[in-house]
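Listed here are the chains, written in short residue letters.
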Amino acid sequence: GLAISYGIKIGAHPSYPDREHFGRQTLDMPEDDFRDTLREQLDALGGVLDKMGARMHHIKAHGALYNDLAQNPALAGVYLDCVASYKPRVRLLVPYGSVMATLARKAGFGILYEAFADRAYGDQYQLVPRGRPGALIEAPEAVAEHLIRMVKTQQVKTQAGALLPIRADTFCIHGDTPSALQILMYLAEDLPRHGIYLKK
């Protein structure tokens, strides 16, 4: 209801059925079970949106599933088949340079490249695993620097200091990052000073 009243685009965020670990661990699932859980999650949100007269704008896989889809063509193929019925009206959020992005484009999906403002990158575009030091970027100033570099130079600085080309149409800041609110408040003030404006 709040998203609708504030004009915020609503998206589905399907994951492995792993509530205990918040979807952040890979599950080795039979294909039929994987298909079933994706469809159940998408149908659940779709039903709510239909009742409220709202529409689904995008689909973005969550957690370990997002990371697995980025590099596993077989899994990405099954995923794309599961969401095929949404193709005419929904965009997929995908990481730049990923297997998922390539396959989604070839399959005719509308895509938005996503980058992570509060996460450190490795040298192959992978996110640094959460258990490693520095994986999470929590200082608002550091998040802003990370994001502004990606917007202004279309490069991302990896944890090792390398610069990789990147394209980003949308940026993620995780709601469970401890300083998420402070980050968002800082960005709202800082980004316009660099000629960068948030679009709903």
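Conventions we followed
- Residues numbered from 1 in each chain as written.
- Predicted model: local features only at pLDDT ≥ 70, side-chain atom pairs only at ≥ 80, totals over all residues.
- Heavy atoms only, no water.
- Patch = residues over 30% accessible without salt bridge, like charges linked within 9 Å, V, L, I, M, F, W, Y side chains within 5 Å.
- Areas by Shrake-Rupley, 256 points an atom, 1.4 Å probe, with all protein chains shown as cover.
- Salt bridge = Lys/Arg side-chain N within 4 Å of Asp/Glu carboxyl O.
- Helix = DSSP H or I, 4+ residues; strand = E, 2+ residues; numbered from the N terminus.
- Buried < 20%, exposed > 50% of the residue type's maximum accessible area, 1.4 Å probe, protein only.

Glancing now at a nonpolar patch on the surface. Together, Leu 2, Tyr 6 and Ile 8 line one region of the surface with nonpolar side chains, adding up to about 360 Å² of accessible area. Tracing the chain through its elements places Ile 8 in the loop between helix H1 (2-5) and strand S1 (10-12). The partly exposed category is assigned to Ile 8, whose relative accessible area is 43%.

All told, the structure shown has seven salt bridges when counted by the stated rule. For Arg 35, the salt bridge goes to Glu 31, with nearest N and O atoms at 3.1 Å. With a gap of four residues between them, Arg 35 and Glu 31 both fall in helix H2 (residues 31-52), about one helical turn apart. Put simply, Lys 60 and Glu 114 hold a salt bridge, and the shortest N to O gap is 2.7 Å. Of this pair, Lys 60 sits in the loop between strand S2 (56-59) and helix H3 (63-71) while Glu 114 sits in strand S4 (residues 110-116), placing them 54 residues apart in sequence. Glu 114 matches Lys 60 in its accessibility class, with the two residues each being buried. What emerges from the salt-bridge pattern is a single network uniting Glu 31, Arg 35 and Asp 81.

Nothing here speaks to function; it is geometry throughout.
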